[in-house]
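Take a look at the letters that make up each chain.
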Amino acid sequence: MPKQQYILFICLGNICRSPMAETIFASMVEERGLSDSFVIDSAGLHDYHEGDMADPRMRRHASMHGYYITHRSRPIEMQDFSRFDYIIGMDRQNIRALQMMQPAGSKAQVLEMASFLRHHQSDSVPDPYYGGDAQFEHVISLLEDACASLLDWLTEA
Ligand code: 4NP
């Protein structure tokens, strides 16, 4: 495994899915004693919520599972494509937007979060913003599944 791997999670607003993914992934990395081996961050495709804490509904559901989200929303920057090794989007729209933005020759590999699911069958981590409790819970259970498998994959590489 390389000395340090740089992982960036992306969604639309960076207030629900990607800060939750960042928090779950960081917690799994810490549990495995690998915190020094990863740099983990998240960002959004738009800046509507720049500087904001995660959505209170996402934070409430996170805390019900023992996770505490401290990230503040930030928009993705062009430098992220050269700084991060892996940029992981939550749905097809995210992936398309990332592929359009990515400067030619930059090092980041753009990957889709749902491709790491082992126990759930879903082609995306769907946006919970206009949903209710069940959608926020679903996001957490998809992300726990995908983060565990992503971490296995990155540590086997
Ligand atoms: P996220 O959810 O992409 O998972 O952070 C959303 C947050 C905000 C909006 C849409 C999705 N919005 O339209 O403001």
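**Focus on the environment of Met90**
Item 1. Mapped onto the elements of the fold, Met90 is located in the loop between β3 (86-89) and α4 (92-101).
Item 2. Overall, the relative accessible area of 0% leaves Met90 in the buried class.
Item 3. Distance from Met90 to Glu77, taken between C-alpha atoms, is 17 Å for residues 13 residues apart in sequence.
Item 4. With residues near it in sequence (within four places) discarded, Met90 still touches Phe9, Ile10, Cys11, Arg17, Ser18, Ala21, Met113, Ser124, Val125 and Leu143.

**Observations regarding the layout of surface pockets**
Item 1. Considered as a void within the structure, the largest pocket measures approximately 150 Å³ in volume.
Item 2. Along the walls of the largest pocket sit 13 residues, with Leu12, Gly13, His46, Asp127 and Tyr129 positioned nearest its centre.
Item 3. Class assignment of the residues belonging to the lining of the largest pocket gives a composition of 7 nonpolar, 4 polar and 2 charged.

**Some details on unusual backbone geometry**
Item 1. With a phi angle near 55°, Asn14 is a residue other than glycine that sits in the positive phi range.
Item 2. Structurally, Asn14 can be placed in the loop between β1 (5-11) and α1 (17-31).

**Quick word on the packing of aromatic side chains**
Item 1. Counted according to the given criterion, the structure contains 6 aromatic pairs.
Item 2. An angle of 85° between the planes, with centres 5.6 Å apart, marks the rings of Phe25 and Phe38 as edge-to-face. Residue Phe25 is found in helix α1, and its partner Phe38 is found in strand β2 (residues 38-44); the two are separated by 13 residues along the sequence. Residue Phe25 shares its accessibility class with Phe38, and that shared class is buried.

**Things to note about the nonpolar core**
The nonpolar side chains of a soluble globular protein tend to be buried with one another.
Item 1. Core analysis: the largest hydrophobic core is formed by 37 residues, its most contacted members being Phe9, Met20, Phe25, Met113 and Leu143.
Item 2. Of all elements in the fold, only β1, α1, α2 (56-64), β3 and α5 (133-156) reach the threshold of two or more residues within this core.
Item 3. Sort the elements by how many residues they give to this core and α5 lands first, with 11 residues.
Item 4. What Phe9 contacts, discounting residues up to four positions off in sequence, is Ser18, Ala21, Glu22, Phe25, Ile40, Asp41, Ser42, Ala43, Ile88, Met90, Met113 and Leu150.

The rules we used
- Residues numbered from 1 in each chain as written.
- Predicted model: local features only at pLDDT ≥ 70, side-chain atom pairs only at ≥ 80, totals over all residues.
- Heavy atoms only, no water.
- Helix = DSSP H or I, 4+ residues; strand = E, 2+ residues; numbered from the N terminus.
- Buried < 20%, exposed > 50% of the residue type's maximum accessible area, 1.4 Å probe, protein only.
- Contact = heavy atoms within 4.5 Å.
- 1 Å grid on protein atoms, 1.4 Å probe; cavity = no way out; pocket = protein on both sides within 12 Å on 5 of 7 lines; lining within 4 Å.
- Points joined across faces, edges and corners; volume = space filled by probe spheres on them.
- Nonpolar A, V, L, I, M, F, W, Y, C, P; charged D, E, K, R; others polar.
- Phe/Tyr/Trp six-rings, centres within 6.5 Å; stacked < 30°, edge-to-face > 60°.
- Core = buried A, V, L, I, M, F, W, Y, C linked by side-chain atoms within 4.5 Å.

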